[in-house]
Amino acid sequence: MKPRPYMLLLHPLFLISLILLLLNDFYLKHEFHNALTGKLSDVTGLFALAVFLFAFFPAYKKQLIFCVLFFCWWKSPLSGFFIHFANDQLSLPLHRVVDYTDLFALLILPFTYSVNPPVTRFLL
């Protein structure tokens, strides 16, 4: 059976990165609040975002370019207007810290090429 791209969402690396991201953002950051928890969010978030985009838009090169551009924009002062708009007008509690060392997290993106949809006989 030919694996479908959306099956990437069942890949163990995607699931682990998603669980780590949620655990880090909802517990570890509040408990420990250090540089490691901040970088862990960046790395796991980028990995999960890239694999998620691959699952629904399988043009890998375009998705990686989008991830790089989006992450650079998000980590720059340029996203400040959007964050203020989301907080004030949409009541979304968005925040981020402008820290250019976070751009090192982009080094995780080449590893997303190694994630392939798992083959299974039980799911369509």
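None of the values given here were measured: they were computed from a predicted structure.

Cut-offs and rules
Residues numbered from 1 in each chain as written. Predicted model: local features only at pLDDT ≥ 70, side-chain atom pairs only at ≥ 80, totals over all residues. Heavy atoms only, no water. Disulfide = S-S within 2.5 Å. Buried < 20%, exposed > 50% of the residue type's maximum accessible area, 1.4 Å probe, protein only. Axes fitted to C-alpha atoms, helices over the stretch in contact; angles between N-to-C directions. Helix = DSSP H or I, 4+ residues; strand = E, 2+ residues; numbered from the N terminus. Parallel < 35°, antiparallel > 145°, perpendicular 65-115°, else oblique. Left-handed = near helix turned anticlockwise from the far one by under 90°. Contact = heavy atoms within 4.5 Å. Nonpolar A, V, L, I, M, F, W, Y, C, P; charged D, E, K, R; others polar.

(A) The arrangement of the state of the cysteines in detail. One pass over the full model with this rule turns up zero disulfides. Of all cysteine sulfurs in the structure, the one in cysteine 72 sits closest to cysteine 67, which takes part in no disulfide; the separation is 11 Å. Judged by relative accessible area, cysteine 67 falls into the buried class, the value being 0%. Residue classification places cysteine 72 among the partly exposed positions, given a relative accessible area of 30%.

(B) Examining the packing of helix 1 (residues 12–32) against helix 2 (residues 35–56) more closely. Where helix 1 meets helix 2, the closest approach of the two axes is 9 Å, and the angle between their N-to-C directions is 150°. Comparing the axis directions of helix 1 and helix 2 gives the class roughly antiparallel. At the point where helix 1 passes helix 2, the crossing takes the left-handed sense. In this structure, helix 1 uses Leu13, Phe14, Ser17, Leu20, Leu21, Asn24, Asp25, Leu28, Lys29 and Phe32 to contact helix 2, whose residues at the interface are Thr37, Gly38, Leu40, Ser41, Thr44, Gly45, Phe47, Ala48, Val51 and Phe52. Split into classes, the residues belonging to the contact of helix 1 with helix 2 amount to eleven nonpolar, seven polar and two charged.

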